[in-house]
Amino acid sequence: MITLEMQLDGASFETAGEASSRVKKVLQQIGVPGDVTRRVAIAAYEAEMNVIIHARRGIMTALIYPDRTELTVADEGPGIADISLAMQEGYSTAPDSVREMGFGAGMGLPNMARCSDEFDIETVIGEGTKIRMTIYHEKRP
Amino acid sequence: MTVSEIIAALPLTVITAPENPEQEVKGGYASDLLSNVMGQAGAGFLWVTMQGHQNIVAVASLLGLAGIILAGGAKPDEETIRKAGREKIALLTTELSTFEISGRLYQLGISGQC
C-alpha cells in the first residue's frame with residue numbers, strides 16, 4: 001500500500017490541483033487503468049477545491065491499494081448545513097468572487113459521488129467536513 | 001485530427017505548445033464552469049473557455065485534455081502561461097467567439113462526443 005498525505009490551505013488558488021495531481025501521477029506510475037485514474041483525479045480535485053473554496057485548511061490522504069484507492073479529505077471549515085441540498089447539481093454556497101472564476105457551479109459533490117464507488121460525508125457545522133471516497137481499480141463495465 | 005493540424009487550420013495563436021503536437025484530438029467541450037468541464041470533458045478533448053486564470057491548467061492536466069483554447073480574445077494570466085508551459089498543456093488563443101470557434105472545430109470533424 002502507498003500512503004500519500006497532503007496539506008491543503010484555504011483560499012490558496014495558486015497551488016490548487018497539486019495534491020490531486022500527485023495522486024494521479026502515482027496511479028499512472030503503478031499502471032492503474034487510465035479511466036480509473038481519471039475518476040480518482042476528478043474526485044480528488046473536486047474535494048481539494050471544496051477545501052480551498054470553503055475551508056480554512058484540510059488534509060488529503062490517499063491510500064493506494066492494489067485493487068482500490070481510498071481518498072479522504074478532512075477539513076477545518078464551516079461544515080455543510082444540508083447535505084442533500086449540497087448534493088443537488090447547481091446548489092452552491094460559494095462566494096461571487098469564486099464563481100467568477102468558474103468555480104462554485106454546484107457540481108463538485110455530484111461529480112465526486114459519480115466518480116467514486118463508495119462515497120461518504122461526515123460534517124459538523126462550525127467544525128468541518130470529512131469526505132471519504134473509494135474507487136476500485138477494476139474498470140467499470 | 002491532430003492538435004497541430006487544428007492549429008494550422010484555424011486562426012489560433014499558440015501561447016504554449018502541446019507536449020505531443022501529433023496527439024489525436026478526441027473531441028471538444030465548451031464551458032466556463034470548471035466543475036462542468038471536470039464532469040463532462042473527455043480525455044484528449046480540446047476545451048474552449050474564456051477563463052484565463054491559472055486553475056484552468058490543473059483542470060486540463062488532470063483530465064488529460066489535448067489543449068485549451070481561450071476564445072473571444074480572452075488573455076491568459078502570466079501564471080497560467082507559466083503553468084501551462086511547465087505542465088506541457090497546449091494553450092491557444094483566438095479572437096473568435098466561443099460559439100464561432102466551436103463551430104469551426106465541428107466543421108473539421110471535432111464533435112462533443114468521444
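For the structure, check the block above.
None of the values given here were measured: they were computed from a predicted structure.

## Here's the deal with the sheet that holds strand E5 (residues 128-136) of chain A
All names here are of chain A.
Then, number 1: Read across the open sheet, the 5 strands follow the order E1-E2-E3-E5-E4; overall the sheet is antiparallel. The sheet terminates laterally at strand E1 (2-9) and strand E4 (118-124), the two strands that pair on one side only. Adjacent strand axes in the sheet meet at a mean angle of 10° when their direction is disregarded.
Then, number 2: Here E1 runs beside strand E2 (residues 57-64); their pairing, made up of 8 bridges, is antiparallel. Opposite Met6, over in E2, you have Met60 as the bridge partner.

## Describing the interface of chain B and chain A
Then, number 1: Tallying the contact residues gives 21 residues for chain B and 22 residues for chain A.
Then, number 2: Broken down residue by residue, the surface that chain B buries against chain A is led by B:Ser35, B:Asn55 and B:Leu62, which jointly contribute 36%.
Then, number 3: One can count 0 salt bridges joining chain B with chain A.
Then, number 4: When residues of the side of chain B that touches chain A are traced back to their parent elements, those giving at least two are helix H2 (34-40) and helix H3 (55-63) of chain B.
Then, number 5: Here the side of chain B that touches chain A gets 6 residues from one element, more than from any other, and that element is H3(B).
Then, number 6: Of the residues assigned to the side of chain B that touches chain A, the class counts are 9 nonpolar, 10 polar and 2 charged.

## Regarding helix H4 (residues 78-87) of chain B
Residue and element names in this part refer to chain B.
Then, number 1: All buried positions along H4 are accounted for by Thr80, Lys83 and Ala84. Buried residues of H4 fall within an arc of 100° about the axis and therefore sit on the same side. For H4, exposure combined with an orientation more than 90 degrees from the buried face picks out Glu78 and Arg86.
Then, number 2: Where H4 is buried, its residues touch strand E1 (13-16), H3 and strand E5 (91-93).

## Re the packing of H3(B) against H4(B)
Residue and element names in this part refer to chain B.
Then, number 1: At their nearest, the axes of H3 and H4 sit 8 Å apart, and the two run at 20° to each other. With respect to their mutual orientation, H3 and H4 come out roughly parallel. Along this stretch, H3 crosses H4, giving a crossing that reads as right-handed. Contacts between H3 and H4 pair Ile56, Val57 and Ser61 from the former with Thr80, Lys83, Ala84 and Glu87 from the latter.
Then, number 2: Looking at the contact of H3 with H4, its residues break down into 3 nonpolar, 2 polar and 2 charged.

About the cut-offs
- Residues numbered from 1 in each chain as written.
- Chains lettered and ligands numbered in written order.
- Predicted model: local features only at pLDDT ≥ 70, side-chain atom pairs only at ≥ 80, totals over all residues.
- Heavy atoms only, no water.
- Pairing = 2+ DSSP bridges.
- Helix = DSSP H or I, 4+ residues; strand = E, 2+ residues; numbered from the N terminus.
- Axes fitted to C-alpha atoms, helices over the stretch in contact; angles between N-to-C directions.
- Contact = heavy atoms within 4.5 Å.
- Buried area = accessible area lost by both parts, 1.4 Å probe.
- Salt bridge = Lys/Arg side-chain N within 4 Å of Asp/Glu carboxyl O.
- Nonpolar A, V, L, I, M, F, W, Y, C, P; charged D, E, K, R; others polar.
- Buried < 20%, exposed > 50% of the residue type's maximum accessible area, 1.4 Å probe, protein only.
- Arc of directions from axis to C-beta.
- Parallel < 35°, antiparallel > 145°, perpendicular 65-115°, else oblique.
- Left-handed = near helix turned anticlockwise from the far one by under 90°.

Any link to function would need more than the numbers given here.
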